[in-house]
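# A structural walkthrough
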Amino acid sequence: MNSATSENSLKNWALLVVLTLIWGSSFILIKRGLEVFSPGEVGAYRMVAAASLLLPLSLPRIKHLNRTQVKNLLLAGLLGSFIPAFLFPLAQTQLSSSLTGVLNALTPLFVVLVGAIFFNTQITRRNAFGLVIAFVGVIILVTYKEGGGWDSLAGINAYALFVIAACICYSFNLHVIKTRFTKLKSIEISSISLLMILPLALIYLFAGTQFSYKLVTHPRAWEALGYVTLLGMVGTATALILFNIMVKSASPFFASLVTYTIPIVAIMWGVLDGEVLLLGHYLGIAAVILGVWVGNRK
């Protein structure tokens, strides 16, 4: 390995560690925001905060883009930021922050599936085996009852499906970034994709919710706003720039490996916040992480 390759590898691993800490902490910040705001308000304001931070970067650059690039950046903004920003708070109305972080670890396996179905990449026997193991883990997590034992599939916690939908969005976005943005810099992809969805977030936030009313009347509104601001500016805007740098520098599969260690940070925050994980939860967590590792290891 030459020095340039070694340096690039170290940079990618450093980015992976930083993103793990940032995104692993996102779920507890969502939880804090939901103590005052609705899932839609948390998602929309998160996007407003993220896009606003990057306005000095996005506005001067957008005039240099052609129509196709703008269209692709809108797609990246929707798949990589806007839609998941609404899905995760919605899921966390019925799931703990730690379990949501664990389910997010399914992203690498969906990267494989989406690549095989839509981007002509190969799915190996090992990938398929990992998917089966992880799927068993998901079933355990969403059917395990707080009092112990398992519900039937009829008693499944359907809110886990919102997390799975977000993982699928992320998977598509990874391939979109890798295949359609070879000529754009990471800062352009990050800032302009958020600018594209800013009008949607603003319209929804101020025309379709009670966000402004809560800011005036709720005693803890500004505290919750601080958590969601941190979530948007650091957990979305800053992290998105770092993530897109990593995607363009490494492969989509390496970039998605950040979800291996996100659950560790998410569980840590959840336990510190008093969330209780029982034996069945740990079994499900182990199966999900094992399945992701088996499906993606070299």
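As the structure is a prediction and not an experimental result, all values here were calculated from the model.

## Thoughts on unusual backbone geometry
Despite not being glycine, Asn120 shows a phi value in the positive range, around 60°. Topologically, Asn120 is positioned in the loop between helix 7 (107–118) and helix 8 (125–143).

## Overview of the packing of aromatic side chains
Counted by the stated rule, this structure contains ten aromatic pairs. Taken together, a centroid distance of 5.2 Å and an interplanar angle of 70° make the contact between Trp23 and Phe243 edge-to-face. On the criterion of sequence distance, the pair formed by Trp23 in helix 1 (residues 3–24) and Phe243 in helix 12 (residues 221–249) is long-range, its members being 220 residues apart. Neither residue differs from the other here; Trp23 and Phe243 are each classed as buried. Three or more aromatic residues joined by ring pairs form one cluster here, namely Phe37, Tyr45, Phe206 and Phe211.

## What about the packing of helix 7 against helix 8?
Two numbers describe how helix 7 lies on helix 8: the axes approach to 10 Å, and their chain directions differ by 135°. Judged by the angle between their axes, helix 7 and helix 8 are oblique. The interaxial crossing formed by helix 7 with helix 8 has left-handed handedness. Between helix 7, through Leu109, Val112 and Leu113, and helix 8, the contact on the second element is made entirely by Asn127, Gly130, Leu131 and Ala134. Here the residues of the contact of helix 7 with helix 8 are counted per class, giving five nonpolar, two polar and no charged.

## Some details on a nonpolar patch on the surface
Together, Leu53, Leu230, Met233 and Val234 line one region of the surface with nonpolar side chains, adding up to about 280 Å² of accessible area. The element that contributes the greatest number of residues to the nonpolar patch is helix 12, accounting for three residues. Residue classification places Leu53 among the partly exposed residues on the basis of a relative accessible area of 37%.

Rules used in this analysis
Along each chain, the written sequence defines residue order, and numbers are assigned to residues from 1. Per-residue local features are limited, in this predicted model, to residues with pLDDT of at least 70; the limit for side-chain atom pairs, both in listing and counting, is 80 or more; totals at the level of whole chains, interfaces and linings are taken over all residues. Side-chain calculation: all heavy atoms of the structure are included, whereas hydrogens and water are not. Every helix listed is a DSSP run of H or I at least four residues long, and every strand listed is a run of E at least two residues long, numbered separately from the N terminus. Note on aromatic pairs: the rings of Phe, Tyr and Trp (six-membered ring only in Trp) are paired at centre separations within 6.5 Å, and the planes decide the class, stacked below 30 degrees, edge-to-face beyond 60, tilted for the rest. The buried label applies to any residue whose accessible area, calculated with a 1.4 Å probe on protein chains only, is under 20% of its type's maximum; exposed applies above 50%, and partly exposed to all values in between. Axis angles are defined between N-to-C directions and span 0 to 180 degrees, where every axis is a line fitted to C-alpha atoms and, for a helix, only to the segment in contact. When an angle is under 35 degrees it counts as roughly parallel; over 145 it counts as roughly antiparallel; between 65 and 115 it counts as roughly perpendicular; any other value is oblique. Crossings are sorted by hand: turned counterclockwise from the far helix by less than a right angle, the near helix makes the crossing left-handed, and turned clockwise it makes it right-handed. The contact criterion used throughout is that any non-hydrogen atoms of two residues lie within 4.5 Å. Residues are grouped as follows: nonpolar covers Ala, Val, Leu, Ile, Met, Phe, Trp, Tyr, Cys and Pro; charged covers Asp, Glu, Lys and Arg; every other residue, Gly included, is treated as polar. Here a patch means residues that are over 30% exposed by relative accessible area and free of salt bridges, tied together within 9 Å if like-charged and within 5 Å if nonpolar (Val, Leu, Ile, Met, Phe, Trp, Tyr). For the area figures, the Shrake-Rupley method with a 1.4 Å probe applies, and any residue is considered shielded solely by the protein chains shown. Definition used for salt bridges: Asp or Glu carboxyl oxygen within 4 Å of a side-chain nitrogen of Lys or Arg.

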